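One-letter residues, chain by chain:
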Amino acid sequence: MISSTGFSKRFSLWFLEGMHETPRRTEQQPEQASWWRVMCLTGVDYFSSLGYVPGIAFLAAGLLSPIATIILVMLTLFGLLPVYNEVAEQSPHGRGSISMLERLLPGWKGKLLVLCLLGFAATDFIITITLSAADAATHLAQNPWMPFKDTMILTLFMLLLLGAIFLKGFREAIGVSVVLVVAYLFLNGIVISRSIFELVTNFPAVDNWTNALFTTHGSVWRMVGWSCLLFPKLALGMSGFETGVAVMPLVRGDANDDPEYPKERIHNTKKLLRTAALIMCVFLIGSAFSTTILIPSSKFVPGGEADGRALAYLAHQYLGPYFGTVYDVSTLLILWFAGASAMTGLLNLVPRYLPRYGMAPDWARARRPLVTFFTAVGFAVTFLFNASVDAQGAAYATGVLALMTSAAFASVLTVWKAGRWTRVYFVFITLVFIYTTIANTIERPDGIKIASFFIAVILTVSLVSRIVRSTELRVQTVVLDEEADKFVGDASRGTIRFVAHRPGNTDYAAKAQEAHETHNIPAEEIIFLEVKISDASDFGDEVLEVTGEHSGNYRILKCQSPAVPNAIAALLLFVRDKTGKIPQIYLGWTEGNPIVYILKYLFLGEGETAPVTREILREAEPNPNKRPKVHVG
């Protein structure tokens, strides 16, 4: 019989698997698959938008929907595809355009930008999960053979089932997505082919459409002009690219690939993006012409037979109720599972940033706690929007467009020196996306409000987490070079005494004299310790590398760290464990307002070093007899 303690321990190990992995190792954890199989995982988001984009396109552009869709397709092939090819090239580990901007903008300004973009990414991915589940529930509830009509219960059930699949593992998610995408595209191919056949044989319908266009707009150029103004409302038809690069760690490359720059994985990801874009563009154009010409406008009104399910309407209309029901089932399954690609994106994105910034607990590195957390957030969002697809659409579009604009801007910065025409081309693409984002925000301001809420929550939680975790040891490993190791070995024959010394000040004799007068330390016992601030916005380094140097007769240990007290504490504990002796550190009081110095420590990595160092040591080593000693004078 299994004891409750044994079960609890095994469950904890299973649930928190991956929590203690470093960011570099967690990048290698997911099961990898062929690029076309991973395309199906990201495609359940991208391709499933065929379930609602044709209806949105008609409501937004009316008779101009096919022309606006062609403009959208051109922007996809000649704008988005080059941008995300560049993102895949520059960020092969799934961090996307966010990591590109982080590298280009170091320090706190880069961190704040990343947190804001993570807010938009959360808006995109979380709303993808909830909106897709809600739309799937709506399709199911609208089927005449479905006896249960409560969309809220159906939506929550689908979210729960999605979370359960991800708790089990990635492989099942990829396998299911392959079946769903192949079936869905096959059925859509039949529906659109049958609709095009109807267009070819039904000339009056096509004539009525073209006559109405020229009657309303007069000329082709006016049609194109109006379509350029209207196409931002069709932006949901471009979703899926950010997820495509976010799932790059799942794409199998070559066994001999360089882990830092896996060329074959990058090449395969570009094939993934290109193939997905071409497939989607063909279906978008076919669906736009079919639904606009063959479906009466009265069917698109809220509550109408084609509202949110234009292709499903054609499936029932031209292929009969049995095929239509099969199409409905396929549509609701892929819409529900569209959350899988979004969940994968979140699971690959969040552990790369927030734990490394000290802005999330360590369990955020593990997959299963994150799945549980995101599923709970999905429940909350579903209740907030009452499982309404229309209510979530604005937030979804805002998140998608913000990430696309950031990707375009990051690509401009990376290709700036590549050549004049390349630079001009990417600047033009960026301006188009800026226009699209602004137009969408003006048209549907609710989206930016919801995204702002996510950003505010992330900033608040991140700040609180950073404060709470500020006295963690942070450093996992200390590495001494040969000279530093000799200093410590020699000092271990007596009392090991370190004197903190500010980097840049080379008057070691004066500091040694001060230490002797204040603490009565013999000069020959002193080892100066200098900690240089690296990037204070980083939370910590997994490895603290310490070098030893001589300056005349004085021995100096030097290292770099985002925070001085944490580096000192880590080195003291390492020396204690290495030598078996309790080292001592000598520090000075800092003159000034203590509140100001606490803030300096939180955001600049230095401040009131002595009490913070002592507190870090107290938390790391509860036994005072084994704790390194901190002297202040």
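Provided above is the structure to which this section pertains.
Small disclaimer: the values here were computed from a predicted structure and weren't measured.

Looking at this structure, how should I read the overall build of the protein?
The helix and strand tally for the protein stands at 23 helices and seven strands. With 633 residues in all, the protein has 54% of them scored as buried. Pairs at least 24 apart in sequence give 81% of the contacts found in the protein among residues at least 6 apart. About 27,400 Å² of surface is accessible on the protein, with carbon and sulfur atoms providing 62% of the total.

Would you mind going over empty space enclosed by the protein with me for this structure?
It is a probe the size of a water molecule, rolled over the atoms, that shows where empty space is left. Applying the stated criterion to the full structure yields five cavities of 30 Å³ or more. The computed volume of the largest cavity comes to approximately 60 Å³. Around the largest cavity, the lining residues are Thr42, Gly43, Tyr46, Gly240, Phe241, Leu272, Leu273, Ala276 and Ala277. Those elements giving two or more residues to the lining of the largest cavity turn out to be helix 3 (35–46) and helix 13 (263–294). Top element by residues in the lining of the largest cavity is helix 13. It accounts for four residues. Classifying every residue of the lining of the largest cavity by side-chain character gives six nonpolar, three polar and no charged.

Hey, could you run me through the side chain of Glu86 in this one?
Following the sequence through the fold, Glu86 ends up in helix 5 (residues 65–90). Here Glu86 is buried and forms no salt bridge, its nearest opposite-charge partner Lys270 lying at an N-O distance of 6.7 Å. Within polar-contact distance, the side chain of Glu86 engages the side chain of Thr414 at 3.4 Å. Ignoring any residue separated from it by four or fewer positions in sequence, one finds Glu86 in contact with Ser411, Thr414 and Val415.

How should the pairing of strand 6 (residues 584–587) be read in this particular structure?
A regular strand carries its side chains on alternate faces of the sheet. Burial along strand 6 is two-sided: Gln584 and Tyr586 and Ile585 and Leu587, pointing in opposite directions, are all buried. Bridge count between strand 2 (residues 497–500) and strand 6: three bridges; the pairing is parallel. Bridged to Arg497 within strand 6 is Gln584. Where strand 6 lies against strand 7 (residues 629–632), four bridges are found, and the strand directions are parallel. Following the sheet pairing, Tyr586 is matched in strand 7 by His631.

The rules we used
Residues numbered from 1 in each chain as written. Predicted model: local features only at pLDDT ≥ 70, side-chain atom pairs only at ≥ 80, totals over all residues. Heavy atoms only, no water. Helix = DSSP H or I, 4+ residues; strand = E, 2+ residues; numbered from the N terminus. Buried < 20%, exposed > 50% of the residue type's maximum accessible area, 1.4 Å probe, protein only. Contact = heavy atoms within 4.5 Å. Areas by Shrake-Rupley, 256 points an atom, 1.4 Å probe, with all protein chains shown as cover. 1 Å grid on protein atoms, 1.4 Å probe; cavity = no way out; pocket = protein on both sides within 12 Å on 5 of 7 lines; lining within 4 Å. Points joined across faces, edges and corners; volume = space filled by probe spheres on them. Nonpolar A, V, L, I, M, F, W, Y, C, P; charged D, E, K, R; others polar. Lys, Arg positive; Asp, Glu negative; His and termini not counted. Salt bridge = Lys/Arg side-chain N within 4 Å of Asp/Glu carboxyl O. Polar contact = N/O pair within 3.5 Å; in protein donor to acceptor, adjacent residues only side chain to side chain. Pairing = 2+ DSSP bridges.

Geometric descriptors of this kind do not, in isolation, establish any biological role.
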